[in-house]
Amino acid sequence: MSSEMITADLVDLELDRSADSKEAAARALATRMVTLGRVTDLDGFLADVAAREAQMPTGLDGGIGIPHCRSTHVTEPTLAFGRSTTGIDFGAPDGPADLIFLIAAPAGADDAHLTILSSLARQLMNTEFTDALRAAPDAEAAVTLIRGDEPTSAPAAAGDAGGASTATATAVGSEADDAPTATATAVGSSSAGAIGASPARAEPRAWGRVGTAHGSGSPESNADETAPTFRIVAVTSCPTGIAHTYMAAESLENAARAEGIELTVETQGSAGFTPLTAEAIAAADAVVFAHDVPVRDKPRFAGKPTVDVGVKAAINRPAELLAEAREKAARGEITAPAPAGSTPVDNAGDTGDSYGTKLRKWLMSGVSYMVPFVAAGGLLIALGFAIGGWKIDKAPSVADHFIWTDHTSWAALLFQIGGLAFAFLVPVLAGYIAYGMADRPGLVPGFVGGSVAVTIDAGFLGGLAAGLLAGAVVLGIQRVRIPPVLRGIMPVVVIPLISAAVVGFLMFLVVGKPIASLQSALTDWLEGLSGANAIILGVILGLMMCFDLGGPLNKVAYAFAIGGLTHPTDGSLKVMAAVMAAGMVPPLAMALATTVRGRLFTRTERENGKAAWFLGASFITEGAIPFAAADPLRVIPASMAGGAVTGALSMAFGCTLRAPHGGVFVVPLIGQPLLYLVAVAAGVCVSTVVVVLLKGARRTADPAGDGGAGAAAADETRVPVAA
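Residues numbered from 1 in each chain as written. Predicted model: local features only at pLDDT ≥ 70, side-chain atom pairs only at ≥ 80, totals over all residues. Heavy atoms only, no water.

**Student:** What am I meant to see in helix α12 (residues 355-388) here?
**Tutor:** One turn of the α-helix equals 3.6 residues, which is why residues spaced by three or four share an orientation. Between its first and last C-alpha atoms α12 spans 48 Å; for 34 residues at 1.5 Å apiece the expected length is 50 Å, and the two agree. Along α12, the sharpest change in direction is near 30 degrees and occurs at M370; proline P372 comes one to four residues later. (Helix = DSSP H or I, 4+ residues; strand = E, 2+ residues; numbered from the N terminus. Expected span 1.5 Å × (residues − 1). Bend = angle between axes of the 7 residues up to and from the residue.)

Dropping the structure here:
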C-alpha cells in the first residue's frame with residue numbers, strides 16, 4: 001500500500017463545526033481526502049457517494065454512519081473519520097450517528113485493500129471499539145484505535161501480514177480475550193484477521209459449537225458437546241460490497257456464538273469470495289440470505305429452509321433471523337428445487353423488491369441500453385440535416401450513389417448511418433427489458449418482439465410491451481420441468497425457439513394491433529396539441545426532467561420524447577424540444593447562481609459552477625447533481641421551477657427539434673431557435689432566483705453558517721495541505 005489508509009489529517013473530531021447533514025458531513029470528510037490527493041474530483045466523488053446512499057441508507061444502530069462507495073475519482077483506498085457531538089441523521093432506526101466513517105475505494109481496488117476495509121466494517125459491530133472511539137482525546141488516538149496500532153512497541157503484533165505496513169498489520173478483528181484496555185490491538189471482536197492482512201479472497205467463516213480456521217467459538221458454546229449442533233450457512237452481500245456485507249456477517253456470527261449455533265458465512269464482497277463447500281451446504285440445517293444484490297449461484301441452496309432478507313436486517317436483528325431459520329427447519333419449510341436453466345436475473349426476483357420496483361428496474365435496463373443508439377443515431381441524423389439541408393432524407397442510398405467531392409453525399413452518408421442506428425431503438429429497448437427480467441435467454445425473444453413492434457408500427461409502446469412479454473415467456477419456460485436429456489440444448493435451441501415463436505405470435509396477432517392503434521392515437525394527440533394543452537404538457541415534462549436530474553423520472557420523460565422521433569411529427573418534435581430545453585436548465589442555473597451570488601456557495605461549488613456552464617449547454621442535466629447532493633431541499637425545487645417554465649414556453653413558442661441531444665450545439669436544427677433560447681434563458685433565470693432566495697433565507701436564519709457555505713469554506717482552509 002503506497003500510504004496509510006487513514007492518518008490524523010483524515011480525522012475530524014469536531015465535525016459539528018462544518019456539517020449538520022449527511023451530505024455536509026460527507027463533503028467535509030471528502031475534502032480532507034482531496035487535500036491529501038486521495039480523491040481527484042470532489043463533486044464527482046460525492047455524486048458517487050450520494051448514488052450509493054440513494055440505494056440504501058448507510059446509518060446503523062449504535063450511532064454509526066458509514067457512507068461509502070467505489071469511485072473512479074479515488075486514487076487509493078482511503079478512510080476518513082468524523083465525530084459529531086449532536087449527531088447526524090444517516091437513516092438509522094435508532095437515531096442520528098455520532099461516529100461517521102467515509103470509506104472511499106477505487107473502482108479497481110485490489111483484494112488486499114478491500115479486505116482491510118472489510119475488517120474495519122466488522123470492527124464497527126463491537127461496542128468496545130466504538131466506545132473507545134467516542135472517548136479518543138485527539139486525532140492521533142483515534143487513528144491508533146482504527147489501525148489497531150499498539151501504543152507501545154509491539155513487533156509481534158504487526159506480524160508478517162503479507163507485506164502490509166506495520167502501521168496497519170495489527171489485530172483489528174482479532175480475538176479480544178487478552179486485551180482489557182480500549183487502546184490495545186484487540187479492541188475488536190473475533191473478526192476476519194488483522195487489518196493489514198491481505199488474503200486473496202474472503203474465505204467462508206464459521207462460528208459456534210464447532211470451530212474452524214477462523215475461530216473456535218466461545219467456551220459457553222462448547223460446554224455441551226453432546227447436544228446436536230444446529231448448522232446454518234449464510235450469504236451476505238450489498239451493492240458496494242465493502243461495508244454492509246461484512247458487518248452483516250459479523251453481526252450474524254456474534255449472534256450465532258451467543259445461541260450456540262454453528263454458522264458459516266460466505267461474504268460476497270468486493271474482495272471476491274470463496275464459495276461455501278458443497279459439504280457445508282449439504283450439512284446445513286437452514287440458510288440465511290442477507291443481501292441487497294442477487295446472491296451468486298443461488299441454486300446451490302435449493303431445498304433448504306431459507307430466510308431471505310435485506311442486508312441491514314442481519315445487522316440490526318441477527319438473533320431474530322437465526323431463530324426464524326430454526327423455526328422453519330423445525331416445520332420442515334423448505335424452498336423449491338431450482339428450476340432447470342434458472343438464471344442470476346431470475347434469482348434476483350427473490351430479494352424482496354416490490355413488483356413496482358422490479359418493473360422500474362426492468363424498464364430502466366432497456367432504456368439504459370437504448371440511449372447510446374439514440375444519441376449516436378440522432379446526432380448523425382442531425383449532422384446530415386445540418387450539412388445537406390432538410391431534403392437530405394430524399395437522397396438515394398450512398399451504396400449506389402456517392403460522390404467523394406460532394407458535401408451532400410457526405411451528408412447523406414451521415415443521415416443514412418444515423419437512420420440505421422436509430423432503427424435499432426425499439427428492438428434494443430425490448431431486448432434489454434427482457435434481458436433485465438430473464439438474463440441472456442430473454443435477448444432473442446426481446447429483439448424479435450421489438451422488431452415486430454417496428455413492423456406493425458407499434459412504436460415505443462410496442463417495444464415496452466414486447467420486452468415485458470419476452471421476459472415473462474422465458475421465465476415461464478424456465479419453470480417447466482425438463483427431462484435431463486434436454487437440458488443441454490435448452491439455452492441454445494429450445495428457449496430461443498419457443499419464446500421467439502410465442503412472442504412473435506402475441507405481437508403480430510394479439511397485443512400488437514391494439515398497441516399500434518394506441519401509438520397512432522398518441523401520435524395524433526401530439527400532432528394536435530396546441531394552446532393550453534401543449535403548455536400543460538410542457539410543464540409536466542419540465543418538472544420530470546428536473547426532479548431527479550438524470551434519474552428514473554428524467555429518463556422516462558426523455559424516453560417519451562425520443563420515442564416520438566421514430567415517426568416524427570410536428571407534435572413529437574415539439575416534445576423533444578421541450579424536453580431538451582428543460583434538461584439544460586438545472587446546470588446552467590447553478591452556474592449562473594454561483595456567478596451572481598458566489599458567497600452562498602463553497603469554493604468547490606463555485607469551481608464546479610464553471611464546469612456547469614458547459615455541461616448545461618451540452619444538455620447534460622447531471623451537471624447539477626453535485627449541487628443537489630449537497631443541498632437537495634433548495635436545489636431540486638429551484639430546478640423544477642425553472643424546468644417547468646422552460647418546458648411551458650418551448651411548447652407555447654412552437655419550438656421543434658429533430659436531434660435527440662446536443663444542447664446549444666444543435667440550435668441550427670431547432671425550429672424557432674431564438675424563441676427556444678429565450679425559453680431556456682427564462683427558465684435559467686427563474687431557477688437562479690429561486691435557489692438564491694432559498695439559500696439566502698437559510699443564511700439569514702443561520703448567521704453562524706453552521707453547515708452552510710461559510711463553514712464549508714472555512715473547513716477547506718483548516719485542512720492541512722499534504723506535503
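Read on for the rest.
**Student:** Explain the packing of aromatic side chains to me, please; I cannot follow it from the model alone.
**Tutor:** By convention here, two paired aromatic rings are described through the distance between centres and the angle between planes. With the rule as written, the count across this model stands at 13 aromatic pairs. With a centroid separation of 5.1 Å and an interplanar angle of 80 degrees, the aromatic rings of F402 and W410 are classed as edge-to-face. With relative accessibility at 23%, the residue F402 sits in the partly exposed group. Ring pairs connect the aromatic residues Y369, Y432, Y435 and F447, which therefore count as one cluster. (Phe/Tyr/Trp six-rings, centres within 6.5 Å; stacked < 30°, edge-to-face > 60°. Buried < 20%, exposed > 50% of the residue type's maximum accessible area, 1.4 Å probe, protein only.)

**Student:** Looking at this structure, I do not really get the pattern of salt bridges. What am I missing?
**Tutor:** Applying the stated rule across the entire model yields 18 salt bridges. Among the ionic pairs, K22 bridges to E53, the shortest N-O distance being 3.6 Å. Residue K22 is found in helix α1 (residues 22-35), and its partner E53 is found in helix α2 (residues 42-55); the two are separated by 31 residues along the sequence. Take K22: its relative accessible area is 25%, and that puts it in the partly exposed class. Between D308 and K298 there is a salt bridge, and its shortest N-O distance comes to 3.2 Å. Residue D308 is located in strand β11 (residues 306-309), and its partner K298 is located in the loop between β10 (286-291) and β11; the two are separated by 10 residues in the primary sequence. Among the residues examined, K298 registers a relative accessible area of 9% and is labelled buried. (Salt bridge = Lys/Arg side-chain N within 4 Å of Asp/Glu carboxyl O.)

**Student:** It is not clear to me how helix α13 (residues 407-423) should be interpreted in this structure. Could you clarify?
**Tutor:** When the terminal C-alpha atoms of α13 are compared, their 24 Å separation across 17 residues agrees well with the 24 Å that a helix rising 1.5 Å per residue should span. All of the buried residues in α13 are S409, A411, A412, F415, Q416, G418, A421 and F422.

**Student:** What should I look at first to understand the side chain of D98 in this one?
**Tutor:** Tracing the backbone through its elements, the reader meets D98 in strand β6 (residues 97-106). Leave out the neighbours within four places in its chain, and D98 touches G63, G82, R83, S84 and R134. (Contact = heavy atoms within 4.5 Å.)

**Student:** Would you explain the packing of helix α21 (residues 570-596) against helix α24 (residues 632-653) in this entry?
**Tutor:** Relative placement of two packed helices is described by the angle separating their axes and the distance separating the axes. Between α21 and α24, whose axes approach to 8 Å, the crossing angle comes to 145 degrees. Of the two possible hands of crossing, α21 and α24 adopt the one that is right-handed. Contacts between α21 and α24 pair K574, V575, A577, A578, A581, A582, V585, P586 and M590 from the former with V635, S639, G642, G643, T646, G647, S650 and M651 from the latter. For the contact of α21 with α24, a count of residues per class yields 10 nonpolar, six polar and one charged. (Axes fitted to C-alpha atoms, helices over the stretch in contact; angles between N-to-C directions. Left-handed = near helix turned anticlockwise from the far one by under 90°. Nonpolar A, V, L, I, M, F, W, Y, C, P; charged D, E, K, R; others polar.)

**Student:** Can you walk me through the packing of α12 against helix α14 (residues 425-438) in this structure?
**Tutor:** In contact at an axis separation of 7 Å, α12 and α14 are set at 145 degrees when each is read in the N-to-C sense. Relative to α14, α12 is oriented so that their crossing is right-handed. In contact with W362, L363, S365, G366, V367, Y369, M370, F373 and V374 of α12, α14 contributes L425, V428, L429, Y432, I433, Y435, G436 and M437. Each residue belonging to the contact of α12 with α14 can be placed in one class, and the counts come to 14 nonpolar, three polar and no charged.

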